[in-house]
Amino acid sequence: MIFRGRALKYGDNIDTDVIIPARYLNTTDPKELAEHCMEDLDADFREKVKEKDILVVGDNFGCGSSREHAPIAIKASGVKCIVAKSFARIFYRNAINIGLPILELPDAIDEINEGDEIEVDFESGIVKNITSGKSYKTFPYPPLIQEIINKGGLIEFAKEKLRKGGNL
Amino acid sequence: MGMTITEKILAAHANKKEVFPGELIFVKLDFILANDITGPLAIKEFEKIGVDKVFDNERIALIPDHSTPNKDIKSALQSKILRDFAKKYNIKFYYEVGRVGIEHALLPEEGLTLPGDCIIGADSHTCTYGALGAFSTGVGSTDLAYAMATGEIWLKVPESLKFVYYGKLSQWVTGKDIILFTIGEIGVDGARYKAMEFSGEVIKNLPMADRLTICNMAIEAGAKNGIIEPDDITINYVKERAKREYKLYYSDKDANYKEIYEWDVSRLEPVIAFPHLPSNVKKISEISKDIYIDQVYIGSCTNGRIEDLRLAAKILKGHKVHPDVRLIITPATPKTYMQALKEGLIEIFLEAGASITPPSCGPCLGGHLGVLAEGEKAVATTNRNFVGRMGHPKSEVYLANPAVAAASAILGRIGAPWEVEVKK
Ligand code: SF4
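Everything numeric here is computed off the predicted structure, so don't read it as measured data.

A. Highlighting the domain arrangement of chain B. All names here are of chain B. For chain B, the assigned domains are domain 1 (5-263) and domain 2 (275-419). Counting from both sides, the interface comprises 35 residues of domain 1 and, opposite them, 37 residues of domain 2. Across the interface of domain 1 and domain 2, roughly 2,900 Å² is buried in total on both sides, 64% from carbon and sulfur atoms. Three residues stand out in domain 1 for area buried against domain 2, namely I102, W172 and K176, and they jointly supply 25% of the buried area on that side. Across the domain 1-domain 2 interface, the total number found is two salt bridges. A salt bridge links E220 to R384, with the nearest nitrogen and oxygen atoms 2.6 Å apart. In this structure, the connection of domain 1 to domain 2 is made through 21 residue pairs in polar contact (both at pLDDT 80 or more).

B. Representation of the pairing of strand 8 (residues 160-166) of chain B. Residues and elements named next belong to chain B. In terms of burial, strand 8 is largely enclosed, as five of its seven residues are buried. Note: strand 8 against strand 9 (residues 195-199), five bridges, orientation parallel. Within strand 9, the residue paired with F163 across the bridge is F198. Where the polypeptide runs from strand 8 across helix 6 (residues 175-186) and back to strand 9, its parallel neighbour, the crossover connection is right-handed. The pairing of strand 8 with strand 11 (residues 259-264) spans six bridges and is classified as parallel. Across the sheet, residue Y166 finds its bridge partner in strand 11, namely D264.

C. Just the pattern of salt bridges, in detail. As enumerated under the stated definition, the model contains 40 salt bridges over all chains in all. Salt-bridge contacts for K80(A) lead to D53(A); the nearest nitrogen and oxygen are separated by 3.3 Å. A residue pair is termed long-range when its members are at least 10 positions apart, and K80(A) in the loop between helix 4 (69-76) and strand 3 (81-84) and D53(A) in the loop between helix 3 (45-51) and strand 2 (54-57) qualify at 27 residues. Look at D53(A) and you get buried, because its relative accessible area is 14%. Across the salt bridge formed by D143(B) and R93(A), the nearest N and O atoms sit 2.6 Å from each other. In this pair, D143(B) is assigned in helix 5 (residues 141-150) and R93(A) in helix 5 (residues 89-98), connecting two distinct chains. Each of the salt bridges in this network shares a partner with another, and the network as a whole consists of R4(A), E117(A), E119(A) and K128(A).

D. Region of the structure containing the site of the ligand. All names here are of chain B. The ligand sits among 13 residues. The nearest are H125, C301, C361, C364 and N383. When residues of the shell around the ligand are traced back to their parent elements, those giving at least two are helix 4 (103-109) and helix 10 (300-303). In terms of residue class, the shell around the ligand is made up of five nonpolar, five polar and three charged. Domain assignment of the residues forming the shell around the ligand places at least three in each of domain 1 (5-263) and domain 2 (275-419).

E. Quick look at the sheet that holds strand 9 of chain B. All names here are of chain B. Read across the sheet, four strands follow the order 10-9-8-11 without closing on themselves; strand pairing throughout is parallel. If you trace the sheet from one side to the other, it starts and ends with strand 10 (225-227) and strand 11, each paired once. Averaged over all neighbouring strand pairs, the angle between strand axes comes to 20°, with direction disregarded. Here helix 1 (residues 5-13) sits on the sheet and contacts strand 8, strand 9 and strand 10; the angle it forms with strand 10, its principal contact strand, is near 110°.

F. Representation of the interface of chain A and chain B within the structure. Taken together, the contacts link 46 residues of chain A with 47 residues of chain B. A buried area of about 3,900 Å², summed over both sides, lies between chain A and chain B, and 60% of it is on carbon and sulfur atoms. The largest per-residue losses of area from chain A upon contact with chain B belong to N26(A), R89(A) and R93(A), which jointly make up 19% of the total buried on that side. Seen at the junction of chain A and chain B, the total is four salt bridges. Between R192(B) and E104(A) there is a salt bridge, with its nearest N and O atoms 3.8 Å apart.

G. Highlighting the side chain of E197(B). Residues and elements named next belong to chain B. Take E197: it is sitting in strand 9. Although E197 lies buried, it forms no salt bridge, and the closest oppositely charged side chain, K162, sits 5.0 Å away as judged by the N-O distance. In this structure the side chain of E197 is engaged in a polar contact, spanning 2.9 Å, whose partner is the side chain of S251. A polar contact of 3.0 Å, which involves the side chain of E197, links it to the side chain of Y257. Setting aside anything within four residues of it in sequence, one finds E197 in contact with T4, I5, L161, K162, F163, I227, E229, S251 and Y257.

H. A look at unusual backbone geometry. Residue and element names in this part refer to chain B. Here the bond from T68 into P69 is cis, since omega is -10°, no more than 30 degrees from zero. Its place among the elements puts P69 in the loop between strand 3 (60-63) and helix 3 (73-88). Following P275, the chain continues into H276 via a peptide bond in cis, with omega recorded as 0°. Turning to its location among the elements, H276 is positioned in the loop between strand 12 (271-273) and strand 13 (281-283). Although it is not a glycine, L369 sits at a positive phi angle of roughly 65°.

I. Expanded view of the nonpolar core. Formed by 107 residues in total, the largest nonpolar core has its most connected members in L55(A), F61(A), I74(A) and I82(A). By residue number, the principal contributor to this core is helix 5 of chain B, which donates six residues. Sequence-distant contacts of F61(A), defined by excluding residues within four places in its chain, comprise I14(A), I19(A), M38(A), L55(A), I74(A), I82(A), A84(A), S86(A), F87(A), A88(A) and F91(A). Counting 61 residues, the second largest nonpolar core, distinct from the first, contains Y129(B), I186(B), I219(B) and V271(B).

What counts and how
Residues numbered from 1 in each chain as written. Chains lettered and ligands numbered in written order. Predicted model: local features only at pLDDT ≥ 70, side-chain atom pairs only at ≥ 80, totals over all residues. Heavy atoms only, no water. Domains from an automatic or database assignment. Contact = heavy atoms within 4.5 Å. Buried area = accessible area lost by both parts, 1.4 Å probe. Salt bridge = Lys/Arg side-chain N within 4 Å of Asp/Glu carboxyl O. Polar contact = N/O pair within 3.5 Å; in protein donor to acceptor, adjacent residues only side chain to side chain. Buried < 20%, exposed > 50% of the residue type's maximum accessible area, 1.4 Å probe, protein only. Helix = DSSP H or I, 4+ residues; strand = E, 2+ residues; numbered from the N terminus. Pairing = 2+ DSSP bridges. Right-handed = clockwise from strand over helix to strand, strands pointing away. Near = heavy atom within 4 Å. Nonpolar A, V, L, I, M, F, W, Y, C, P; charged D, E, K, R; others polar. Axes fitted to C-alpha atoms, helices over the stretch in contact; angles between N-to-C directions. Lys, Arg positive; Asp, Glu negative; His and termini not counted. Core = buried A, V, L, I, M, F, W, Y, C linked by side-chain atoms within 4.5 Å.

Below you can see the structure in the form of structure tokens.
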């Protein structure tokens, strides 16, 4: 999986309440959720994301509430993938489980500017900043997580296990 | 090498002799739960898997506590999805309005979350049950769907951090202050991916209600789980309630901790977490006396138990809520409500001029029953003060213990319990 796009940057401790506020949690429809994604943090998010579709963020992204509506809203907004200094753990699981590709890159985030063109290779764990010409290597995923991602999420992983006649 | 209580519980549920931090394992689950926000999404995903039954209909709780009693048509549809699913799959622990309480207050009270359990819930504050000596962690809806089908989940074994508290707590200092102080020290990601094990003489002397408050907020430091080794207080709490067998686990003397924090908390005073992070903690004696407030909220899975209401009532008795303030109180469960009624607490609240809501998450997440307007400030006994958490993105939430919240309601500004006369 290789993604190429422009960086949209936000800071540390972006919580799931601000990604999708509770007042919109009376639906599970991805399109409806996407309409309000990040609006309390950045009223122009929906416009910006059309041009810049790789989120590049700070520490502890997705902290707080476990609402899976948060990664769903981000994915449905058209974000291709997220690169962060670090993710909060429930958000990390949720993103992997719903097939939203994410990568931790602790040391390089500060060297990526908003609007830079970047390329993220999930197999090799290499992130290239095409604008600055620098490239960075991070740890690839452990095999189990790689398998879940390759299947397109936990539900497909479960279905395949069932198809193969295995016990879930 | 010895193991921590967290590692031991995980090893036992993974059917292994030992586990190591960083290892990815599948664990068998004793109990799982979802609410009216995360449940419908979990049900949608569950149905895609294509199994015709849940792994065990007596080990799943579906708890419509967030937007109920239904706040609007859309949320009514969400809780209907939960209700219909519960009927279709004969889910034993579905709680209808009138019997429902806030999930993390309700399940321990009902004896459904027990020492030694391995529990997941589609709600971040599922870490609350660690107070009983269980491994318990919050997950998302897809994880829950997978768990409903299989009774299992994938987990990374967390490293453990040990927190040791010495000394004796002063009056008006509660479990809430201990955990806020701790988050203030280590930060909102100070325990990210890790287990927080709370221990020491202070914890040993704390009642279960305070322990539940402490473990409830482990997630606010980014932790996977909070946990307290079981003792007599634990056993006394669970023995009349337990609906299943349970098992006690303890950390080995030579267990491995990533870090050990030790604090003497004898001189700790009530603390307040200022907007917009739970780690933004200040001592009550050091804050200015002109932070005027519009609302005080006493409730939630953090501080909506009977002990919290007793503490609030002690302060509020014989006083009136400040004319500029709305005081909203939510007993966390129907049993708590009934107990508060019997003890005369509800009368004290009503006489003071408070509004009592049915058990619900309501204002805690800015859902209903007390949403904040633009520019308003609230003191809340809840666990999060993020931007927009209780309403308008330009409102502010200050987190505090119930005694501080009650005193502030009387004073009309953030104030200390000792500024208010305690009447007999
Ligand atoms: S009371 Fe608040 S924190 Fe607790 S479960 Fe409800 S919404 Fe979440």
